[in-house]
Amino acid sequence: MWDKIRVFKDRIRHSLHKRSIQFSISISFTIVMVIGMALIAVSLSVRYVNSTMEVISNSNKRIVDQISLNLDSYLRSMMRISDSMYYRVIKNSDLKDDNINYQMSLLYETNRDQLVSIAVFSDDGKIIAAEPLSQLKPSIDVKEQSWFQIAMARIENLHFSTPHVEDLFLDPDDNSHWVISLSRSVELTSAGSIIHGVLLVDMNYSGIEQVCKNNYLGGSGYVYITDEKGQIIYHPKQRLIYSNLTNENNLDNAKHEDGTYSETFNGRQRLITVKTVGYTGWKIIAVNPIQDITANYSNFTSYTLLFALFISYLLIIVNMFLSSRIAKPIMKLENSVKNLESGDLDEQKIAISGSYEVEHLGKAIRSMVRQTRTLMDDIVSEQKAKRRSELDALQAQINPHFLYNTLDSIVWMNENGKYQDANTMVTSLAKLFRISISKGKNIISVADELEHVKNYLIIQNYRFADKFQYSIHSEPQVLQCATIKLIIQPLVENSIYHGMEFMDDGKIRVEAYCKDHELWIDVIDNGPGMPQEQADRLLSENAALVRGSGSGIGLKNINERIQLYFGVQYGLSLFSEPDVGTTARIHLPKKSLEEFEEKE
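So, how was this worked out
Residues numbered from 1 in each chain as written. Predicted model: local features only at pLDDT ≥ 70, side-chain atom pairs only at ≥ 80, totals over all residues. Heavy atoms only, no water. Phe/Tyr/Trp six-rings, centres within 6.5 Å; stacked < 30°, edge-to-face > 60°. Buried < 20%, exposed > 50% of the residue type's maximum accessible area, 1.4 Å probe, protein only. Pairing = 2+ DSSP bridges. Helix = DSSP H or I, 4+ residues; strand = E, 2+ residues; numbered from the N terminus. Axes fitted to C-alpha atoms, helices over the stretch in contact; angles between N-to-C directions. Contact = heavy atoms within 4.5 Å. Core = buried A, V, L, I, M, F, W, Y, C linked by side-chain atoms within 4.5 Å.

Colleague: Help me out: how do you make sense of the packing of aromatic side chains in this one?
Modeller: In this description, an aromatic ring pair is defined by two values, namely the gap between the centres and the angle between the planes. All chains considered together, the criterion is met by seven aromatic pairs. A ring pair is formed by Tyr86 and Tyr87, whose centres lie 4.7 Å apart and whose planes are at 45°; its orientation type is tilted. Exposure remark for Tyr86: the relative accessible area of 1% places this residue in the buried category. In this structure Tyr87 comes out as partly exposed when scored by relative accessible area, which is 41%. Taken together through their ring pairs, the aromatic side chains of Phe121, Trp147 and Phe148 make up a single cluster.

Colleague: Looking at this structure, I do not really get the pairing of strand S15 (residues 506–515). What am I missing?
Modeller: Remember that side chains alternate between the two faces of the sheet whenever the strand is regular. Across seven bridges, strand S13 (residues 468–474) lies against S15 in parallel orientation. Of the residues in S15, the one forming a bridge with Gln469 is Lys507. Bridging between S15 and strand S16 (residues 518–525) involves eight bridges; their strand directions are antiparallel. The residue of S16 that forms the bridge with Glu511 is Asp522.

Colleague: Would you mind showing me how to read the sheet that holds S16 here?
Modeller: Hydrogen bonding along the main chain pairs the strands of a sheet, whether they run parallel or antiparallel. Spatial ordering of the open sheet is given by S13-S15-S16-S18-S17, a layout of five strands whose pairing is mixed. This sheet does not close on itself; its edge strands, each paired only once, are S13 and strand S17 (571–577). When strand polarity is set aside, the average angle formed by the axes of neighbouring strands in this sheet is 15°. Across eight bridges, the pairing between S16 and strand S18 (residues 581–589) is antiparallel. When the bridges of S18 are listed, Asp522 appears paired with Arg585. Packed on one face of the sheet, helix H13 (residues 446–463) meets S13, S15 and S16 and runs near 170° to S13. Contacts from helix H14 (residues 489–500) reach S13, S15, S16, S17 and S18 within the one sheet, and its direction differs from that of S15 by about 150°.

Colleague: Would you explain the sheet that holds strand S7 (residues 222–226) in this entry?
Modeller: Strand order in the open sheet made by the five strands is S8-S7-S11-S10-S9, with antiparallel pairing throughout. Among the strands making up the open sheet, the edge pair consists of strand S8 (232–234) and strand S9 (259–265). In this sheet, neighbouring strand axes are inclined to one another by 35° on average, regardless of whether the strands run parallel or antiparallel. Of the strand pairs in this sheet, S9 and strand S10 (residues 268–277) are connected by seven bridges, and their pairing is antiparallel. Residue pairing in the sheet places Ser262 in a bridge with Leu271 of S10.

Colleague: In this structure, what is going on with the nonpolar core? I would like to understand it.
Modeller: Across soluble globular proteins, nonpolar side chains have a tendency to be buried as a group. One finds Ile488, Val492, Ile562, Phe566 and Ile586 to be the most contacted residues of the largest nonpolar core, which totals 48 residues. If one sorts the elements of this core by residue count, H13 sits on top with six residues. Grouped together as the second largest cluster of nonpolar side chains are 42 residues, Ile67, Tyr108, Phe160 and Ile225 included.

Here it is as structure tokens:
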């Protein structure tokens, strides 16, 4: 995927490269404008949908709050009927002497619009009193009814059942009523003894329907009620659900705390609002399909599109005008630069016009042309000095005396049967010259330069019969950094000839490391050393006058080559102390090899 995107970007860049700057500015501005307008349109649409959802969510909260109040009032009226029957009738009656049917009948007649039946049962399931019907069906075992079992298990608690058809009593008219049973455990007095029983109040289900039906959520929205376990108490499509012709996400929605949630059910996104009816644990759940919410903003989308097109038209006109004002002075300046490319260094032909930035650019090019004339001669001189330094450096490495001694040592080893040592010296010599040549390159990696030094030390260690020990250490991150070739070996050679020649326990360390984001290479020996003043003179302009067992010309040459390639802030430093040793420190920029390929 990323490769395809990269190819697409390259094609666009290549296509724009062939076009004029006016076209590039126009098309770029147009693309940005289209993207910007699209983002604005999407943002407005999203904000519209979100605000609509927030309004509907608040409306749903108000509706479910009102339903909760109405339902709470209805349920409390049923609870008051149950309390009246229990505390005013049953508690004050002895079943052996008193007949509670009369008081029960009065209570039923007073609330018959809300009730289907009232009944009292003993703990063994026998009917004690009931209104308006009192004869149980032969097939009914009251003790097996869920409302009876729960009431007997929960002393002093009220229990509301889920909707069901009332089927306890024989009805001459064969009527069927949907009810919600309110049951509770009660204490019955009979001949002064207390026995337990169950008071059953069957509420007319139509009362709950009326509470929920008169609320409009808009579109295809609706409200339904579940108990605390998610069993449906009321649903506008309750019969379809019971017939398995449709379904509802009631079990999952009943698990929510009060609030507003978004869900996906049957492939449709919905906004649901949940409200708990306090003491019953029932859940009032309002449902709004998202498509109802988003269906009304098509007009808003059309208006936004027309507005975006109008703004785009105005911006295109402004774009054409501005791109022309910017492009024409730049095109004139481009023609002037083409004259420079053909070799015409007449600064007066450089066009100066347009905006402040373009005019300033024209003046800067004129100044550049003037400076170019002055610098051309300097560049030629510097290039000659650079090539001369490189030639001196290469010639200095092909030391006939070193080569003669090395070959003589190899012959001696062969004559004395030290073929393995001779083979090692030949291999090291070959690698030494291979890196010295480096296919004509002057910038090589630190790894190659250290390899060159290693081969040189192997050869010299054989020649000096292990008079010194050496070590080469480098941090991994500097191995692929760029360096000038053949700048470490002369320093090692100085350490050997000026520090190790008359010692039996000489040590030479070569260390390459990174510090403060710069590259450092140290050549450290424990030779006789020298005063620091003498070390400083070896790198001064008068180094040619300092003569000893060797000349300082090689060190000065290394310092000049480094500064020629990398700048005067880099170079070679010497630190020495008599009877302690000498450290030659190379300071280079920490740059990759690819960044200096153009210097070859």
